[in-house]
Amino acid sequence: MKKRLNEKVLKRGDVILTTSDAKISKFIRSTTISPISHAMLYVDNCSVIDATGDGVHSANTQRLFFEQHNAVFALRLKGGLPPSTSIKICNYVRERIGSEYATWEAGRAGLGLGKRGTPKQFCSRLVAQAYAANGFALVKNTDFCTPKDLLKSAELVEVADATVDVTDEEYQAWQTHPSGLNLMRQSTNHILNGARRIDKSIQNLSDVDKLVLEHSEHDETIMQLYVESGYFHVWKIDHEINPWHYDAKLMEDLGRRQPDDVRWYCESTLAEGSRTDNRYVTNAKGYQYYQSIRPRQTIMMLMTFYQMLAENHANRLDIAEDWLTRHP
């Protein structure tokens, strides 16, 4: 029997510390003399963002399985985070999705070395910098810290019941589900790898936006990278896996069988942001502004894409709100 994170007790901005039986994990634990080797940030309903060898990306907590003997901690800022601040912290790491992994610097952090870092990322640096950028110093050196430093931080307290057991049946069932986040990881890396052939300094998609805005001659190339990557189709995976998120009748049917799970989903969805104030609307408005000052094919395509996602999110909110109203 395995275990996974318990989303029902987690909050946006929680620091997740884990380990595994992989050789690199054992090496990090032995080097830092610590029970944990990796750090992540809980950013939303069933979603974390972390920095691994593939760079900075999102992962679905329902797919992150740990052996029973693996240490897993969920930590929260003492006194909690105001909702507006937790959103800013999570936006910080979202803006760095795709950033390259800082292998050399991560090694120096483990040895207690290093003073000033590069824009590249490793797991504990990403988490510490996200908090520091919003006024919370979790560790002494945010550029060169370890998961152990976060575990020992006097600013964080442990969240109880952070994991739940997973049956073998549940584990096997998840192995057959398509993964939208894995596809998003692949598509994002495809775009970034192509853009880095133009400019090696590019770290994330915001850097790609800047490249297109400042150099119109690369607009066509970047647009093609987006199209061939499948970036604009990944959102469809959730419709396939969870059609009840988008259909009131299907949600009602599932709610009769699993009312607690549906209630938790609806409440979590409403906490993600209002119809006019969420990350999809923010991105759409940002690209609309870019398009007004420097029209580009890539920017127009991204603006239209995020407008569609904003409408999609509004539909989810309507359905979730309607279910909660009818089931007080």
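On a predicted model such as this, the values are computed, not experimentally measured, just so you know.

Participant: Give a description of unusual backbone geometry that names residues and reports values.
Facilitator: Positive phi values are uncommon outside glycine, yet Ile33 reaches one of about 50°. When you line up the elements, Ile33 lands in the loop between helix H1 (23–32) and strand S3 (38–44). Overall, Ile33 belongs to the exposed group, its relative accessible area being 68%. A positive phi is found at Asp161, a non-glycine position, where the angle reads about 55°. Structurally, Asp161 is set in the loop between strand S8 (156–158) and strand S9 (163–166). On the accessibility criterion, Asp161 (59% relative accessible area) is exposed.

Participant: Any chance you could break down the nonpolar core for me, citing the residues and the numbers?
Facilitator: Among the nonpolar cores identified, the biggest contains 30 residues, and Val15, Leu17, Leu41, Val93, Tyr131 and Leu150 are the most heavily contacted of them. Those elements that place two or more of their residues in this core are strand S2 (15–18), S3, strand S4 (47–52), strand S7 (72–77), helix H2 (83–94), helix H4 (123–132) and helix H5 (147–151). At six residues, the largest contribution of residues to this core is made by H4. Leaving out residues up to four positions away in the same chain, Val15 has contacts with Met40, Leu41, Phe73, Ala74, Leu75, Val127, Tyr131, Leu150 and Leu156.

Participant: Please give an account of the side chain of Asp143 that cites residues and values.
Facilitator: Take Asp143: it is sitting in the loop between H4 and H5. Of the buried charged residues, Asp143 lacks a salt bridge, with Arg125 as the closest side chain of opposite charge at 4.7 Å. Within the local environment of Asp143, its side chain forms a polar contact with the backbone nitrogen of Gly117, the two atoms lying 3.0 Å apart. With near-sequence residues (within four places) excluded, Asp143 lies in contact with Lys115, Arg116, Gly117, Phe122, Arg125 and Gln129.

Participant: Could you give an account of the sheet that holds S2, naming the residues involved and the relevant values?
Facilitator: The sheet built from six strands is open, its strands ordered S5-S4-S3-S2-S7-S8 with antiparallel pairing. This sheet does not close on itself; its edge strands, each paired only once, are strand S5 (55–60) and S8. Strand-to-strand twist in this sheet, taken as the mean axis angle between neighbours without regard to direction, amounts to 35°. Here S2 pairs with S3 via four bridges, running antiparallel. Bridge pairing links Leu17 to Ala39 in S3.

Participant: I'd like a description of the environment of Glu155, backed by residues and values.
Facilitator: Along the chain, Glu155 falls in the loop between H5 and S8. Remark: the alpha-carbon pair of Glu155 and Ala310, spanning 155 residues in sequence, is separated by 35 Å. The contact partners of Glu155, leaving out residues within four places of it in the chain, are Arg76, Leu77, Lys78, Ala137 and Leu138.

Participant: Mind laying out the packing of helix H7 (residues 180–196) against helix H9 (residues 219–229), listing which residues take part and the relevant values?
Facilitator: The N-to-C vectors of H7 and H9 enclose an angle of 155°; their axes lie 9 Å apart at closest approach. By the criterion of interaxial angle, the relationship of H7 to H9 is roughly antiparallel. Read as a crossing pair, H7 and H9 show a hand that is right-handed. Listed contacts from H9 to Ser187, His190, Ile191, Gly194 and Ala195 of H7 are Ile222, Leu225, Tyr226, Glu228 and Ser229.

Participant: Tell me about the pairing of S4, and please be specific about residues and values.
Facilitator: In terms of residue burial, S4 counts as a mostly covered element, since five of its six residues are buried. Alignment of S3 against S4, held across three bridges, turns out to be antiparallel. Note that in S4 the partner of Tyr42 across the bridge is Val48. The hairpin formed by S3 and S4 contains two residues between the paired strands, and Cys46 there has a positive phi angle of roughly 65°. Between S4 and S5, which follow one another and run antiparallel, lie two residues.

Reading the values: the criteria
Residues numbered from 1 in each chain as written. Predicted model: local features only at pLDDT ≥ 70, side-chain atom pairs only at ≥ 80, totals over all residues. Heavy atoms only, no water. Helix = DSSP H or I, 4+ residues; strand = E, 2+ residues; numbered from the N terminus. Buried < 20%, exposed > 50% of the residue type's maximum accessible area, 1.4 Å probe, protein only. Core = buried A, V, L, I, M, F, W, Y, C linked by side-chain atoms within 4.5 Å. Contact = heavy atoms within 4.5 Å. Lys, Arg positive; Asp, Glu negative; His and termini not counted. Salt bridge = Lys/Arg side-chain N within 4 Å of Asp/Glu carboxyl O. Polar contact = N/O pair within 3.5 Å; in protein donor to acceptor, adjacent residues only side chain to side chain. Pairing = 2+ DSSP bridges. Axes fitted to C-alpha atoms, helices over the stretch in contact; angles between N-to-C directions. Parallel < 35°, antiparallel > 145°, perpendicular 65-115°, else oblique. Left-handed = near helix turned anticlockwise from the far one by under 90°.

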